[in-house]
Amino acid sequence: MADGDKRPEGPNLLKGLKAFFSTLDESQRKRVTDVTEFEIRELENLFVLLLMGSFSGMPAPPSFISAELIPHLEHEIKVLNSRAVCSSDSFAEIMGVLDID
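Nothing here was measured: the structure is a model prediction, and the numbers come from that model. (Residues numbered from 1 in each chain as written. Predicted model: local features only at pLDDT ≥ 70, side-chain atom pairs only at ≥ 80, totals over all residues. Heavy atoms only, no water.)

1. As for the overall build of the protein chain
Alright, step 1. In terms of regular secondary structure, the protein chain is built from 4 helices and 0 strands.
Alright, step 2. Each helix and strand of the protein chain, placed in order from N terminus to C terminus, yields the pattern α-α-α-α.
Alright, step 3. Classification of the 101 residues of the protein chain by burial places 7% in the buried group.
Alright, step 4. On the protein chain, roughly 8,900 Å² of surface is accessible, and the fraction owed to carbon and sulfur atoms is 63%. (Helix = DSSP H or I, 4+ residues; strand = E, 2+ residues; numbered from the N terminus. Buried < 20%, exposed > 50% of the residue type's maximum accessible area, 1.4 Å probe, protein only. Areas by Shrake-Rupley, 256 points an atom, 1.4 Å probe, with all protein chains shown as cover.)

2. Comments concerning the environment of V48
Alright, step 1. In this fold, V48 is placed in helix 1 (residues 9-51).
Alright, step 2. Note on V48: relative accessible area 4%, which makes it buried.
Alright, step 3. Taking C-alpha positions, V48 is 7.3 Å from I77, a pair spaced 29 residues apart along the chain.
Alright, step 4. Once residues lying within four places of it in the same chain are set aside, the contact partners of V48 are G53, L73, E76 and L80. (Contact = heavy atoms within 4.5 Å.)

3. A closer look at the confidence of the model for the protein chain
Alright, step 1. Per-residue pLDDT for the protein chain has a mean of 75; in total, 71% of the residues score no lower than 70.
Alright, step 2. By mean pLDDT, the top-scoring element of the protein chain is helix 1 (82), and the lowest-scoring one is helix 4 (residues 90-97) (68). (pLDDT = per-residue confidence, 0-100.)

4. Here's the deal with the pattern of salt bridges
Alright, step 1. As enumerated under the stated definition, the model contains 3 salt bridges in all.
Alright, step 2. Here D25 and R29 are joined by a salt bridge, their closest N and O atoms 2.9 Å apart. Here R29 and D25 lie together in helix 1, a separation of 4 residues that amounts to about one turn.
Alright, step 3. Classification of R29 by relative accessible area gives exposed; the value is 56%.
Alright, step 4. Where E74 meets K78, a salt bridge forms, and the shortest distance between an N and an O atom there is 3.4 Å. (Salt bridge = Lys/Arg side-chain N within 4 Å of Asp/Glu carboxyl O.)

Here's what the structure looks like:
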């Protein structure tokens, strides 16, 4: 190899490693953010279910606590109502498929 054919490998390798770890860091941050957002939505759903548990047969907290917290749940109650309106009765569909009367 002649002196003119040599390329510095160090800077290219360093740039490649930086790009790799930057991409890896970005993807991990996105994954963690998505998981955290999912957990927040599920915790909100559980919170509403705990407060409005009497609708599903679960024991409810004392009514004065529920009454004080309801104003803070306006968004969650709207989501709960829209899910109830838009959802289908999957249990009935399963029973229909299994031909159970």
